[in-house]
Amino acid sequence: MNLEQERGTEEHAPAGARAAGRRADDGRPRGGGATRRRGAALENAILDAAWDVLVEHGFPGFTYEAVAARAGTSRPVLYRRWPQREDLLLATLTKRWQPIEVPDTGSLRDDAIGFLHNARAGRAHMITMMSVQLADYFRDAGTGFGELREALLAPGRATPFEMIVARAVERGELPDVPRPSRVVDLPFDLLRHDMVLTMRAVTDESIAEIVDKVWLPLLGLPGT
């Protein structure tokens, strides 16, 4: 059953069923509790429930029915906020995709290594989970992690390594010349690749190798 069919079922349900749906739509837990959730509280509860569903069942099980049941609400509540399942997925991931601190040590190399350490601590679990649980989504949508990452970034915001390189240019460590985004963002891409490939935490030695043996030489600097 597609989304329009589901909406039609809701709209043409018997009056008693629609009334029951409205009573559930107020955000009360379906168990009959008196607490009414509205606004941000209700939305946070739904997105937390959506995350749990995604982790447990992957994208194939990430349905309006499953999320509504886990959140103790109804499908129309979800439809009003996120008309498409992809909208709900993006909102769920955005809530969990917290910014990673970008160091400002005064050194290009130290900033790069420090950021990769922070990314390893803050992203390892989420990246490996997304790679497994969203495999069906990537296949159906014809996209990959890179496109999803772009969608999760705030519009117009520089990537962490764009910020790191810009600071290095301001300090005079790097010449102010155009650089392909693939080169600038390569350290994080390689870190993500290692996380997904090994399903283990990337070692300090691997992080140093990414920066010293691959990235700095690509930028025209000697590695340490």
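For clarity, every value in this text was computed on a predicted model and none was experimentally measured.

Asker: Would you explain the packing of aromatic side chains in this entry?
Answerer: To describe a pair of aromatic rings, one takes the distance between the centres and the angle between the planes. Overall, the coordinates contain 6 aromatic pairs when judged by the stated rule. Ring centres of Phe 115 and Phe 161 lie 5.4 Å apart, and the angle between their planes is 85 degrees; this geometry places the pair in the edge-to-face category. With Phe 115 in helix 7 (residues 108-133) and Phe 161 in helix 10 (residues 160-171), this residue pair connects regions lying 46 residues apart in the sequence. An identical accessibility class is assigned to Phe 115 and Phe 161; each is buried. In this structure, Arg 85 is placed above the aromatic ring of Phe 59, and the distance from its NZ or CZ to the ring centre is 3.9 Å.

Asker: Is there a simple way to explain the packing of helix 3 (residues 39-57) against helix 7 in this structure?
Answerer: Axis angle and axis distance: for two packed helices, these are the angle between their axes and the distance between the axes, and together they describe the pair. For the pair helix 3 and helix 7, the least separation of the axes is 9 Å and the interaxial angle reads 65 degrees. Classed by the angle they form, the pair helix 3 and helix 7 counts as roughly perpendicular. The element helix 3 and its partner helix 7 pack so that their crossing is left-handed. Two secondary-structure elements touch here, helix 3 through Trp 51, Leu 54, Val 55, Glu 56 and His 57 and helix 7 through Met 126, Met 129 and Gln 133. For the contact of helix 3 with helix 7, the class distribution of residues is 5 nonpolar, 2 polar and 1 charged.

Asker: Help me understand the confidence of the model for the protein, please; the structure alone is not making it clear to me.
Answerer: Atom-level detail of predicted coordinates should not be read off regions where pLDDT is low. In the predicted model, the protein carries a mean pLDDT of 82, and the fraction of residues at 70 or more is 81%. Considering only residues more than four positions removed or in separate chains, one finds that residues 1-26, a stretch of pLDDT under 50, has 32 contacts. Segment residues 29-34 is flagged for pLDDT under 50; beyond a separation of four residues in sequence, or across chains, it makes 9 contacts in the model.

Asker: Help me understand the side chain of Asp 212 in this model?
Answerer: Along the chain, Asp 212 turns up in helix 13 (residues 204-218). One polar contact links Asp 212 to Arg 109, side chain to side chain, over a distance of 2.7 Å.

Asker: Even after reading the chapter, I still don't get the side chain of Ser 107, so can you show me in this structure?
Answerer: Its place among the elements puts Ser 107 in the loop between helix 6 (85-96) and helix 7. For Ser 107, a relative accessible area of 18% gives the class buried. Once residues within four sequence positions are removed from consideration, Ser 107 is found in contact with Arg 171 and Glu 173.

Asker: Please clarify how the packing of helix 7 against helix 13 should be interpreted in this entry.
Answerer: As a packed pair, helix 7 and helix 13 sit with axes 10 Å apart at the nearest point and diverge in direction by 140 degrees. With respect to their mutual orientation, helix 7 and helix 13 come out oblique. The element helix 7 and its partner helix 13 pack so that their crossing is right-handed. In contact with Leu 108, Arg 109, Ala 112, Ile 113, Leu 116, His 117 and Arg 120 of helix 7, helix 13 contributes Asp 204, Ile 207, Ala 208, Ile 210, Val 211, Asp 212, Trp 215 and Leu 216. Of the residues contributing to the contact of helix 7 with helix 13, the split by class is 10 nonpolar, 1 polar and 4 charged.

Asker: I'm lost on the pattern of salt bridges in this one. Help?
Answerer: In this structure the tally under the stated criterion is 15 salt bridges. Arg 192 is the salt-bridge partner of Asp 189, the closest N and O atoms lying 3.2 Å from each other. Here the residue Asp 189 and the residue Arg 192 both occupy positions in helix 12 (residues 186-198), the gap between them amounting to 3 residues, near one helical turn. One continuous salt-bridge network, built from bridges that share partners, spans Asp 104, Asp 111, Arg 171 and Glu 173.

What counts, and where the lines are drawn
Residues numbered from 1 in each chain as written. Predicted model: local features only at pLDDT ≥ 70, side-chain atom pairs only at ≥ 80, totals over all residues. Heavy atoms only, no water. Phe/Tyr/Trp six-rings, centres within 6.5 Å; stacked < 30°, edge-to-face > 60°. Helix = DSSP H or I, 4+ residues; strand = E, 2+ residues; numbered from the N terminus. Buried < 20%, exposed > 50% of the residue type's maximum accessible area, 1.4 Å probe, protein only. Lys NZ or Arg CZ within 6 Å of the ring centre and 35° of its normal. Axes fitted to C-alpha atoms, helices over the stretch in contact; angles between N-to-C directions. Parallel < 35°, antiparallel > 145°, perpendicular 65-115°, else oblique. Left-handed = near helix turned anticlockwise from the far one by under 90°. Contact = heavy atoms within 4.5 Å. Nonpolar A, V, L, I, M, F, W, Y, C, P; charged D, E, K, R; others polar. pLDDT = per-residue confidence, 0-100. Polar contact = N/O pair within 3.5 Å; in protein donor to acceptor, adjacent residues only side chain to side chain. Salt bridge = Lys/Arg side-chain N within 4 Å of Asp/Glu carboxyl O.

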